[in-house]
Amino acid sequence: VTVALTTGMRLRSQVCDTEVIVVRPPGRELVLTCGGAPLIGIAATAGAGLSLDPALAGGALLGKRYTSADEPSLEVLVTKGGDGTLAEGRNPLVLKEARPLPASD
Amino acid sequence: VRASAGAAVSNTGVAPLLGLPVTVAPDPAAVWAGDLLASLGADVLTAEQMPLLVGPDAAVGRRRSSEGEEWARSGAMVLTGRTDGPALPAPGTPAVAARGAAFAFRVLAGRALAGLDGARLLGERAALAGLVRRGTISPGGGCRLLPTADGTVALSLARADDDALVGALIEAEVGTGAGWERAAAWLRGVGGAAAAERAALLGLPCAVVPAGGAETACADRGSDGTGGCAPWRLTRLGPASPGRATRRPLVLDLSSLWAGPLCAQLLGLAGARVVKVESTGRPDGARAGNRALYDLLHAGHESVALDLGSPRGRADLLRLIRAADVVVDSSRPRALRQLGVVAEDLVAARPGLTWVAISAYGRSHPWAERPGYGDDVAAAAGLVARDRSGHVFAGDAIADPLTGLHAAVAALASVRAGGGVLLDVGMYAVARACLAGGPPGRSDPAPAHPPLVAAPVSRPVPGAAAAPGVDTARVLTAL
């Protein structure tokens, strides 16, 4: 199932605790996965019989932002950490640098 | 007679000042100081006396005052209200609390520090940066009070790229520069609590302003069994090391912006050596803010910059922490944990360490990991003024200087007793404590003459702050 990724959409992993929110949508269609299985809508039910792919079990860190080396306009923010690796297909997403601290509040 | 008229404060049974004799005059700021010291274990007696607060090594306070007078002369009142309207009073006793915390600090420091006027620290940043009151926009511009379907929230958009997060918040594309307008339009159609929850997912500081303001903000006081809205929570995690109390303490300042650096700076005034530690990739953002404020808070401190993305940098950070007597940090607990720096474990492992953990809501609060800044957290606590049209900000990021002052008092108390303590200071808890101490302010008789509303002033800036990392090699080599 391919979901069109839109700004603010919340997604979750089918094989671990990971949840993300789309901060910047990609400029083209792509399939985001976590732990080897496609991410699904936050309220959707995980498919039966799926399990974490040990080759894609690097973990997703709470509060970190990830993007795709091939599609740098994409930005997802992890809202709940988990054991799976976030990926485009089987191509792992990369951690974006932490945002600079504000100059004042 | 135990002082009891002012702040309702307490802690969790850690008493670094056990038996320290202190006498306080029945002056609101002195009573506030007495309550802070009593909550840290001091033996506080009241007496008609001048100076207002007398400890074993120092006596401070030569002028009685009320919240009304202190707020007016603090410089914060000028920053409160609408641009085209009058300067307004604040709820609770923030100016008395600031003055009282400085009294308590000066008594513990045992040094003159005569120029340290706690209430005036509230207006210091505004004085240096030329900030003015703007009603529902914070003086610094980073926070706004915005109406929702069922009340008001305080939302901070402090970073340049927060517009993208507003897009994710409202589930729409938001162009650069349109963040405030789009967020405000979205908020009008949603409930405040739901908006705050969704903003929290994105790490955007957003908090519901209590509808009753200060009156209800502390209604749950005592529910934690402490009998008060404590500005801090002290936990003994390791043994004290009394020998450390006798030498010049080393303070490692890992914090950023205002509250943490102010705490470290005050400890420096009390005689500590202060080393600021920053990440090479992510230095204190305040370096890019008002230069004079950064210099004021960091002049005379050494500067170390470490690449915290590398194992080497993280190992150096741990070495520095093991050599320190005090660590001041102001990050969310998980930020340091993700670097392998666990405050609780380090205090337990290293006798004599005092860890001052400053955060928006406090480590024991359910919102421990939510970000927050001085304006939005004060608003969340109910520390906002109001006029006939609604809430307006009280002071400039007022929870920041209040927190820096209060954290410094408890930190110095812990250092005196040889440390071994995690000091959890939530800016929210500090702001609420300033609202809980209602009686001194509210029972003041109206002054015969309205107090002079003073413009904010700053302490003199003693010199320039060290450039980032100039002391790295020397400090690491000397360890």
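Preceding block: the structure.
Predicted, not measured: the structure shown is a model, and the values here were computed from it.

Parameters at a glance
Residues numbered from 1 in each chain as written. Chains lettered and ligands numbered in written order. Predicted model: local features only at pLDDT ≥ 70, side-chain atom pairs only at ≥ 80, totals over all residues. Heavy atoms only, no water. Helix = DSSP H or I, 4+ residues; strand = E, 2+ residues; numbered from the N terminus. Rg over C-alpha atoms; globule rule 2.2 N^0.38 Å. Buried < 20%, exposed > 50% of the residue type's maximum accessible area, 1.4 Å probe, protein only. Axes fitted to C-alpha atoms, helices over the stretch in contact; angles between N-to-C directions. Parallel < 35°, antiparallel > 145°, perpendicular 65-115°, else oblique. Contact = heavy atoms within 4.5 Å. Nonpolar A, V, L, I, M, F, W, Y, C, P; charged D, E, K, R; others polar. Arc of directions from axis to C-beta. Salt bridge = Lys/Arg side-chain N within 4 Å of Asp/Glu carboxyl O.

Visitor: Residues and numbers for the overall build of chain B, please.
Guide: Scanning chain B from N- to C-terminus turns up 18 helices and 16 strands. The C-alpha radius of gyration computed for chain B amounts to 21 Å, which stays within 12% of the reference 23 Å derived for 479 residues, consistent with globular compactness. Seen through its principal axes, chain B has C-alpha atoms that stretch 60 × 60 × 45 Å. When each of the 479 residues of chain B is scored for burial, the buried share is 62%.

Visitor: Give a description of the packing of helix α2 (residues 67–74) of chain B against helix α3 (residues 94–109) of chain B that names residues and reports values.
Guide: Residue and element names in this part refer to chain B. The N-to-C vectors of α2 and α3 enclose an angle of 85°; their axes lie 7 Å apart at closest approach. Comparing their axes, α3 and α2 come out roughly perpendicular. On α3, the residues that touch Glu67, Glu70, Trp71 and Arg73 of α2 are Pro94, Ala95, Val96 and Arg99. When grouped by side-chain class, the residues that make up the contact of α2 with α3 number 4 nonpolar, no polar and 4 charged.

Visitor: Quick rundown of helix α7 (residues 192–202) of chain B? Include the residues and the values.
Guide: All names here are of chain B. Three or more residues of α7 are buried, namely Gly192, Ala195, Ala196, Arg198, Ala199 and Leu202. Seen along its axis, α7 keeps its buried residues to an arc of 165°; they face one direction. Seen from the buried face of α7, the exposed residues on the opposite side, beyond 90 degrees, are Ala193 and Ala194. A positive phi of about 75° marks Gly203, the residue just after α7.

Visitor: Could you give me a rundown of the pattern of salt bridges, with the residues and numbers involved?
Guide: Under the criterion given, the structure shown has 33 salt bridges over all chains. Between A:Asp53 and A:Arg90 there is a salt bridge; the shortest N-O distance is 2.8 Å. One end of the pair, A:Asp53, is in the loop between β5 (40–41) and β6 (65–67); the other, A:Arg90, is in the loop between β8 (86–88) and β9 (91–92), with 37 residues separating them in the sequence. Of the charged contacts in the structure, one is a salt bridge between B:Arg64 and B:Glu48, with a shortest N-O distance of 2.9 Å. Within this pair, whereas B:Arg64 is found in the loop between β4 (59–60) and α2, its partner B:Glu48 is found in the loop between β2 (43–46) and β3 (53–54), the two being separated by 16 residues in sequence. Overlapping salt bridges, with partners in common, bring together B:Arg63, B:Glu70, B:Arg73, B:Arg99 and B:Asp117 in one network.

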